[in-house]
Amino acid sequence: MPPEIRVIGIEGMPEAEAGDDLAAQIIDACQNQGTSIDAGNVMVVTQKIVSKAEGRVVDISSVEPSEMALAISEGHRRDPRHTELILRESKRIVRMDGGVIISETHHGFNCANAGIDASNIPGNDTLALLPDDSDASARGIRQAVKDRLGIVVAVIVSDTFGRPWRNAATDVAIGVAGIDPIRSYVGQM
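Since the model is a prediction, treat every value here as computed from it, not as a measurement. (Residues numbered from 1 in each chain as written. Predicted model: local features only at pLDDT ≥ 70, side-chain atom pairs only at ≥ 80, totals over all residues. Heavy atoms only, no water.)

## What about helix α4 (residues 80–88)?
- Within the span of α4, buried status applies to His82, Thr83, Glu84, Leu85, Ile86 and Leu87.
- Turning to α4, the residues buried within the fold contact β2 (57–59), α3 (67–73), β3 (90–97), β4 (100–105) and β6 (126–128). (Buried < 20%, exposed > 50% of the residue type's maximum accessible area, 1.4 Å probe, protein only. Helix = DSSP H or I, 4+ residues; strand = E, 2+ residues; numbered from the N terminus. Contact = heavy atoms within 4.5 Å.)

Shown next, in the form of structure tokens:
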């Protein structure tokens, strides 16, 4: 039988909250829908639920914008407190134009708004930041699956990166465990 790639969505995940055991929630949701987790599977987990479970959600009412954030936000629709968080999560600003901020995060990602967004987050004044260390997050989920099920899987933490000034978005792996990207790519040649 030739190699096969299947993508199976998992339904029934609860709303992630700080301190949640994501691996346990994923395993339970898989079991509830009758989807087995097998050795060698690759689990793709969205950055948003990882950020929520790791407490990387901020209520902007607690953020005091700097003079720089106020100046950058002037004339644009972004709240200066949101801009302040972008500045705090950035190693450097790559480009700004028309209210769009492209920055390099402390992780080394070049993306819009330092990867900060408000989609799929409860509350109007709440923003999700990227995990501190997405590779460590992936390793933790992988180890928890191994501890609970006795099998080894690979884990990818993914995030959607918009393409600034273009009409497109793409998902990227911002954290991995159990995958050697160079070997995986070379093996396909």
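So that's the structure; there's more coming.
## So, the nonpolar core
- Within the largest apolar cluster, 24 residues are counted, with the highest numbers of intra-cluster contacts made by Ile37, Met43, Ile141, Val145, Val153 and Val155.
- Broken down by secondary-structure element, the contributors of at least two residues to this core are α1 (22–33), β1 (42–46), α2 (47–53), α5 (134–149), β7 (154–162) and β8 (169–177).
- The element that contributes the greatest number of residues to this core is α1, accounting for five residues.
- Discounting residues that sit within four places of it in the chain, Val155 has contacts with Met43, Val45, Ala138, Ile141, Arg142, Gly175, Val176 and Ala177. (Core = buried A, V, L, I, M, F, W, Y, C linked by side-chain atoms within 4.5 Å.)

## Quick notes on the packing of α1 against α5
- It is the contact of α1 with α5, at a shortest axis distance of 8 Å, that shows an interaxial angle of 55°. The orientation of α1 relative to α5 falls into the category oblique. For α1 against α5, the interelement crossing comes out right-handed. Contact with α1, carried on its side by Leu22, Ala23, Ala24, Ile27, Asp28 and Gln31, involves Ile141, Ala144, Val145, Arg148 and Leu149 of α5 and no other residues of that element.
- When its residues are assigned to classes, the contact of α1 with α5 shows eight nonpolar, one polar and two charged. (Axes fitted to C-alpha atoms, helices over the stretch in contact; angles between N-to-C directions. Parallel < 35°, antiparallel > 145°, perpendicular 65-115°, else oblique. Left-handed = near helix turned anticlockwise from the far one by under 90°. Nonpolar A, V, L, I, M, F, W, Y, C, P; charged D, E, K, R; others polar.)

## So, the pairing of β4
- Of all six residues in β4, five are buried, a share of seventy percent or more.
- Two elements, β3 and β4, share six bridges in a ladder whose sense is antiparallel. Bridged to Met96 within β4 is Ile101.
- For β4 and strand β5 (residues 110–112), the ladder comprises three bridges, and the chain directions are antiparallel. Considered in β5, the bridge of Ile102 is made with Ala112.
- The antiparallel hairpin formed by β4 and β5 contains four residues in its connecting segment, where Gly108 sits at a positive phi of about 100°. (Pairing = 2+ DSSP bridges.)

Such coordinate-based values are descriptive only and should not be taken to indicate function.
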